[in-house]
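Letter by letter, the chains look like this.
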Amino acid sequence: MAGRINDDDVKAVRDAVPIDSVVSEYLQLRSAGGGNLKGLCPFHDEKSPSFQVSPSKGLFHCFGCQEGGDTIAFVMKIDHLSFSETVERLAAKAGITLRYEEGGYNPSHQRGERIRLIEAHQAAAEFYVRALESPEAEIGRKFLAERGFDQEAAAHFRVGYSPAGWDHLTRYLRGKGFSDKELITSGLSQDGRRGPIDRFRGRLMWPISDTAGDVVGFGARKLRDDDNGPKYLNTPETPIYKKSQVLYGIDLAKKDIAKASRAVVVEGYTDVMACHLAGVTTAIATCGTAFGNDHIKILRRLLMDNGSARVIFTFDGDAAGQKAALRAFEDDQKFAAETYIAIAPDGMDPCDLRLVKGDDAVRDLVEPRTPLFEFALRQIVGRYDLETPAGRGAALDEAAAVVAKIKTSSVQREVAVQLAGFVGILDQEFVVRRVAQLARWARDKGEGRGGDGRGGRGPQDRRGGAPQQSAQAYPAPAGRTASSGPALHLRSPAHRTERELLKLALQKPALVCPAFDAYGVDEFTAPPYAAVRRCIEEAGGAERGLGDSREYLVAVMDAAPDDTVRNLVTELAVEVFHGKTIDENYAGVQLVQVRLRAVDRRIDDVQSSLARLGSNVAPHELAAAQNEVWVLQQYAQSLRARGADAL
């Protein structure tokens, strides 16, 4: 075995790769104030951003689903990697050579599966690009040239060619140290009668990358008449390639999508190329499947669903294109963005349009013209004879059922009014009532099946930010009530002050040291806060944070007994403070309030004990208890009078 990665190397990786640069590969981040950044959480669906990143601390935390951690934890969760796989991947990004405690350096054949499969795809992409320059690939170069793509364009999109022989790539990758099992698992090879053979042969190859820019699959276009396969052949489902979760061109388009708050969805690889070369650098395409829920999630994280966000679909004007538009409309409401449809004259796709009419025509095509809902409804009503009452009634029934799926009542009403115009019904209120009735029936039916009738939105979707804004109780995972204790009601002065003090100890330890480290765990009334205090203690105390703050926070997280406490640590480490000015005075107030409440509780406990015992208490015990109460009362008085100076 390769052994455990050296701790110093793990720390070097954690310090070398900024968390904001890693997270921004998957979603758009904007300023959240206080040096933090915010975005839509990639781990759960939400309408408003509750996911925050603290670049200075190297941490992230979602106040909606409670996921949190450092750069390594983020990559582990979002890409489903093991700890060692994640460290290896980030080390490669940072150019750090890892050392292992046992067995020296890590041999390549012992690396994690995902990394090995991505490395195989990267090697394959380079192999295909070189093969496009071969004499055999003349047919591929001609195909590209006929569609307006020169050598520079092919290089920009890393278009390649798979040789027509049985096992050219397989032999090449074997020579690179990849096993037959890895080649089959990757989808680059398939079983033949005498062992693995190339899956793609004699085809033009487009590499398909994930949001992070790693090649995870390929799209292959048939070039020869004697090729009996489909026109387009894609990588099969593999551990790293799920066609419903990838968008071709997303690696090239993501920054401009986030910057412009606009995405253009086209139908093919050459359409993406044509759009980008024409200056529409926000174009992306699905890979052999319909545009669906997972694709929407990818775009929403980049668009961040602000009010000006737009998604423009380009579909062929034929029946298949119309069907695709209707399918897209079904998912339309999962965007907060406005959605439009663009259909080129004569039904040309962007690639053909660029060839015939030039770059300007492509740019003009994707300027929003027709809202998607309008196009979809016109397609429905257009199938009926609107000159007859029966035709208008049938058109209304089918279209109204679609409009009834709109969740927002105001939008539903507005679209219903427009539907009345499309169908030719003068009584708009009749159409509005009909749509509302259908929506009510669908909702009641959903509730009868145990659904919530609201499209599955739960409490987390309705939460709009950090806990201090919503005063929500700290959630405990199912079945974990004992370890997390009672809910943390942030309207409670005690809980609020304890929370502020822990935030200071994690974020600004210099303001509370050395006093904080003398505080006992029992001075924190909420069990979750007491657990965090214990973690700080086990990590060496807040004094440790006076040195390397990132190392200190990692040590505190490592001391957490479970994910619930660990997530609370990251939450407190990135959450903004209540006060406007965070200085020694502010810190002193929190220290005094927490200590003062602890002293008052102790006084109450002793006096309550004496009251219960009554005359049964021994004289010496009574004297000791009365003396303790007197000392505590004097201390409390001093805290109230002198503040932090009395600590």
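The rules behind the values
Residues numbered from 1 in each chain as written. Predicted model: local features only at pLDDT ≥ 70, side-chain atom pairs only at ≥ 80, totals over all residues. Heavy atoms only, no water. pLDDT = per-residue confidence, 0-100. Contact = heavy atoms within 4.5 Å. Phe/Tyr/Trp six-rings, centres within 6.5 Å; stacked < 30°, edge-to-face > 60°. Helix = DSSP H or I, 4+ residues; strand = E, 2+ residues; numbered from the N terminus. Polar contact = N/O pair within 3.5 Å; in protein donor to acceptor, adjacent residues only side chain to side chain. Pairing = 2+ DSSP bridges. Axes fitted to C-alpha atoms, helices over the stretch in contact; angles between N-to-C directions. Salt bridge = Lys/Arg side-chain N within 4 Å of Asp/Glu carboxyl O. Buried < 20%, exposed > 50% of the residue type's maximum accessible area, 1.4 Å probe, protein only.

J.: Hey, could you go over the confidence of the model for the protein chain for me, with residue numbers and the actual values?
T.: Taken residue by residue, the protein chain gives an average pLDDT of 84. The fraction at 70 or more is 86%. Note that pLDDT drops below 50 for residues 104–110; the model gives that stretch 14 contacts with residues more than four away or on any other chain. Of the regions scoring below 50 in pLDDT, residues 449–487 engages in 62 contacts with residues more than four places distant in sequence or in other chains.

J.: Let's hear about the packing of aromatic side chains: which residues, and what values?
T.: Within the structure shown, the criterion is met by 16 aromatic pairs. With 6.1 Å between their ring centres and 50° between their planes, Phe43 and Phe60 make a pair best called tilted. Highlighted residues: Phe43 in the loop between β2 (36–39) and β3 (51–54) and Phe60 in strand β4 (residues 59–62), separated in sequence by 17 residues. Members of the aromatic cluster, connected to one another through ring pairs, are Tyr26, Phe43, Phe51, Phe60 and Phe74.

J.: For the side chain of Thr497, give the residues involved together with the corresponding values.
T.: Here Thr497 shows up in helix α23 (residues 493–507). Engagement of the side chain of Thr497 in a polar contact is seen with the backbone oxygen of Pro493, the distance being 2.8 Å. Beyond its immediate sequence surroundings of up to four residues, Thr497 is in contact with Gln590, Gln593, Val594 and Arg597.

J.: Give a description of the sheet that holds β4 that names residues and reports values.
T.: Spatially, the five strands line up as an open sheet ordered β1-β2-β3-β4-β5, and their pairing is antiparallel. The sheet is open, and its two edges are formed by β1 (30–33) and β5 (68–70), each paired on a single side. Sheet twist, expressed as the mean angle between neighbouring strand axes with direction ignored, is 25°. Relative to β3, β2 runs antiparallel, the two being bridged by three bridges.

J.: Give me the lowdown on the pattern of salt bridges, citing residues and values where you can.
T.: Here the structure, examined in full by the defined rule, presents 35 salt bridges. Of the charged contacts in the structure, one is a salt bridge between Asp227 and Arg203, with a shortest N-O distance of 3.1 Å. Of the two residues, Asp227 sits in the loop between β10 (215–222) and β11 (232–234) while Arg203 sits in strand β9 (residues 203–209), which places them 24 residues apart along the sequence. This pair shows no difference in class: Asp227 is buried, exactly as Arg203 is. Ionic pairing is found between Glu367 and Arg262, a salt bridge with its closest N-O pair at 3.5 Å. Here Glu367, found in the loop between α15 (359–365) and β16 (370–371), pairs with Arg262, found in strand β12 (residues 262–266); they are 105 residues apart in sequence, far enough to count as distant.

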